[in-house]
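Letter by letter, the chains look like this.
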There are 2 protein chains.
Amino acid sequence: MTVALRQLATIAADFEAEFARVLHWSAETDAAIETRVADILADVEKRGDAAVLEYTQRFDGLAAASMAELEITQDELKAALQQITPAQRSALEAAAARVRDYHQRQLEACGRSWSYRDADGTLLGQKVTPLDRVGIYVPGGKAAYPSSVLMNAIPAHVAGVGEIVMVVPTPKGERNALVLAAAAVAGVSRAFTIGGAQAVGALAHGTATVPAVDKITGPGNAYVASAKRRVFGKVGIDMIAGPSEILVLADGSTPADWVAMDLFSRAEHDELAQSILLCPDAGYIAKVKAEIERLLPGMPRRDVIRASLEGRGALIHTRSMEEACAISNRIAPEHLEVSSREPHRWEPLLKHAGAIFLGAFTSESLGDYCAGPNHVLPTSGTARFSSPLGVYDFQKRSSLIEVSEAGAQVLGTIAAELAYGEGLQAHAQAAEFRLKTGGVR
Amino acid sequence: MTVALRQLATIAADFEAEFARVLHWSAETDAAIETRVADILADVEKRGDAAVLEYTQRFDGLAAASMAELEITQDELKAALQQITPAQRSALEAAAARVRDYHQRQLEACGRSWSYRDADGTLLGQKVTPLDRVGIYVPGGKAAYPSSVLMNAIPAHVAGVGEIVMVVPTPKGERNALVLAAAAVAGVSRAFTIGGAQAVGALAHGTATVPAVDKITGPGNAYVASAKRRVFGKVGIDMIAGPSEILVLADGSTPADWVAMDLFSRAEHDELAQSILLCPDAGYIAKVKAEIERLLPGMPRRDVIRASLEGRGALIHTRSMEEACAISNRIAPEHLEVSSREPHRWEPLLKHAGAIFLGAFTSESLGDYCAGPNHVLPTSGTARFSSPLGVYDFQKRSSLIEVSEAGAQVLGTIAAELAYGEGLQAHAQAAEFRLKTGGVR
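Residues numbered from 1 in each chain as written. Chains lettered and ligands numbered in written order. Predicted model: local features only at pLDDT ≥ 70, side-chain atom pairs only at ≥ 80, totals over all residues. Heavy atoms only, no water.

As recorded in an unreviewed UniProt entry, chain A goes by Histidinol dehydrogenase and comes from Piscinibacter aquaticus. Its UniProt record, at the heading Cofactor (unreviewed entry), says of chain A: "Zn(2+)". Per UniProt, chain A carries the Sequence similarities (unreviewed entry) text "Belongs to the histidinol dehydrogenase family." (UniProt positions renumbered as here; feature names shortened; annotations may be inferred.)

Printed below as a string of structure tokens:
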């Protein structure tokens, strides 16, 4: 099966132009969606439960007499654990245990309060505390991923968040047992079968039934993304995700079919997903291309995979592994596989990526489900400035300052000088009042 | 001088209604500003330097033949250090040293890479790296604060950011020597005399002269805030700040004039700033009120202070310190002074605040300038879910995963089970290809 996959070479004269075409992607904001979402949010803020009920009936075809009917009880979540197969249940529980362990290490490594006293007895530090209540958006319908429930709820749980409220649309009332089972395993506190902008509005503003949360995380469609962007400020949000991406940096030592399947594993997500191979070995690139063509016909999602590879994929021949690393840094991919015999040689050269998968055995899909690290990662080059979802997203920091009487003498003089320089006399005098010498300028 | 300052008591029947009035504030988004900013950003993205030059001439009254003329050289920054007084220079340097020291401690406490290996040799962790290049927006004109330069640039510097680009509008070409001197002290790499939405656009998209950055931090007016919100996603941003706030939680042991001046120090910022006193001692509240009336006439910025106190201030009499702490948590203030003999008794009860100032000697203004912690803090209740600006805002994390061959056997089975459950066969097969047993379902 021939696949019209873009092939580039860094030595080619037109490389930069071709490369720009590969990278080009922009999140179109649809003005109609923006307006519709603004209206829904305003309505939910004003009418609460009644508005949420109405939109849920209209958009999800799910009628209910009251919001209470749209709550999934803890008993129903637990019952879902019995509805899935024993193998699924073990896999869910094993994945949850690994994800929990990793995020517990993350909490230990970077999520604890700290403080110190300086020579004059002044205490300085930061107190780290969990958020009180968070909302997790879980998509329903065709892209319902139980692994997303684990990846959003577990770090919140490890952070010590008091209450985790899940919303998941159930079009025509169809509930996904694996999603509900994941909620049971991950320790979700409350769950509602609502979705779309109305669910984001309910979580941000609160209704009589749905409690207002402090932060909303989790992926969703264009309506959900637009709603999250709009409620940002009133509540925290995680990020606005673009299409998923994989970049494989290969030295040619990994079986070519493994790499082909890794490229498929991104491409099968969605036609806009991006799969790129960077490799200094032209012969190896040809082998991977051949494996792609051999394996594609056997894939149930071959149409999506082909559309994704032909639309946004690329095989890029580089002069060297060093150059491949430099190009990877320009892309700042969501998932970066270093499929090399010497992954630790290249890792230090890699500056920007959501997650780095080292060595041939580390297929990206292991990270999606159960290696431990989070699978919610920055996309579209935002790894230049943002990070995987983590315990730190469910905590916040408060600075602690306790100035001693001795400290106030030293700091007061400095602060007063700068405050007068800024024309803020009350700032200056508040510092000067604490000076033993008394008096203000 | 009588000040019509709102007085509340938690025992009053109408307390909740009155309290809601005190807290009410919403960032009005002005549709005209939104449209104007969208146009400016699109124009800067398209025309680059030419657009920035044109808007700078139009809005700042600053004409230049080329963008190069709008760059402030390192020599000019250094020269500013000679133009300010020796006392100002020492104060700036002392403040910078303390801020640097605090953020260095922050880096040590929570900004280092970490990793571990599990029993089967699989490596898991996170690599923490600095951003390549950041932009710092520094307001010009009447609210030009050199302390803001220190508070934005120093954590970026400590994080290891490669290049720090400052933009500061200079209406009619008037440069503030203290701001430029602060840039020299803080280690700003490049500086441009541009501002408004056009400066944010230049930093986000890059022009021939202004380099594109990865994140933009720093306060600004409504145009700047709107522009930051719009470029979010293309680059990172810090936060959209609302009016400044102080909440003083007092047990009556601090001299009343100190507390009155601390309330003034917020109120003098701006008429929308909010100053609130919470205290269980009615007699002490009366004393603070008397000091407010005694001290106000002597303040140069008395008109702003009065407008702020009368419009948004409040003195709240509580049943107890415990209740005062609970109300403080509902407000989640930007600055929280625990003006008590026993600050460490109350601190554990305080869950949400940007910065907590403990004890009578810790005037909030010391924190604004030189105590060490950052003065860029979450406002408008966002301390429920966000944190002071810090080293962590200038770093990002990449997950590290290296699965051993043994690990791939265990993880591959789990991942495949869950991937098939989600209908993602390529994910499953990528994991199964690494199994020694070979073959896929």
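Draft legend 1. Representation of the sheet that holds strand β8 (residues 215-217) of chain A in the model. Residue and element names in this part refer to chain A. With mixed pairing, 6 strands are arranged side by side in an open sheet as β2-β7-β6-β5-β8-β9. Two strands in the sheet have a free side with no partner beyond their single neighbour: β2 (71-72) and β9 (236-237). Relative to strand β7 (residues 190-192), strand β6 (residues 163-167) runs parallel, the two sharing 3 bridges. The residue bridging M166 from the neighbouring strand is A191, located in β7. Contacts from helix α8 (residues 196-205) reach β5 (133-137), β6 and β8, with the element oriented near 175° to β5. Where helix α9 (residues 222-231) meets the sheet, its contacts fall on β5, β8 and β9, and the angle it forms with β8 comes to roughly 155°. (Pairing = 2+ DSSP bridges. Helix = DSSP H or I, 4+ residues; strand = E, 2+ residues; numbered from the N terminus. Contact = heavy atoms within 4.5 Å. Axes fitted to C-alpha atoms, helices over the stretch in contact; angles between N-to-C directions.)

Draft legend 2. Broad picture of the packing of helix α16 (residues 405-421) of chain A against helix α5 (residues 86-110) of chain B. The N-to-C vectors of α16 of chain A and α5 of chain B enclose an angle of 120°; their axes lie 9 Å apart at closest approach. One element, α16 of chain A, and the other, α5 of chain B, form an angle in the oblique class. In this structure, α16 of chain A crosses over α5 of chain B, and the sense of that crossing is left-handed. Along its contact with α16 of chain A, which presents L411, I414, E417, L418 and G421 of chain A, the element α5 of chain B presents A87, Q88, A91, L92, A94, A95 and R98 of chain B. Its residues assigned to classes, the contact of α16 of chain A with α5 of chain B comprises 8 nonpolar, 2 polar and 2 charged. (Parallel < 35°, antiparallel > 145°, perpendicular 65-115°, else oblique. Left-handed = near helix turned anticlockwise from the far one by under 90°. Nonpolar A, V, L, I, M, F, W, Y, C, P; charged D, E, K, R; others polar.)

Draft legend 3. The arrangement of the relation of the copies chain B and chain A in detail. Each copy superposes on the other: chain B lies on chain A with an RMSD of 0.0 Å after a rotation of 180° and an axial shift of 0.0 Å. The transformation relating the two chain copies, once decomposed into turn and shift, fits a two-fold axis. For chain B, the minimum C-alpha distance to the rotation axis belongs to C110 of chain B and amounts to 2.2 Å. Interface overlap between copies is the fraction of interface residues in one copy that are interface residues in the other; for chain B against chain A it reaches 100%, indicating a shared surface. (Least-squares fit on C-alpha atoms with pLDDT ≥ 70 in both.)

Draft legend 4. Structural view of the environment of P343 of chain A. Note on placement: P343 of chain A falls in helix α14 (residues 343-346). Judged by relative accessible area, P343 of chain A falls into the buried class, the value being 7%. In this structure the C-alpha to C-alpha distance between P343 of chain A and G367 of chain A, which are 24 residues apart in sequence, comes to 17 Å. Excluding its chain neighbours within four sequence positions, the residues that come into contact with P343 of chain A are V338, L358 and G359 of chain A together with E402 of chain B. (Buried < 20%, exposed > 50% of the residue type's maximum accessible area, 1.4 Å probe, protein only.)

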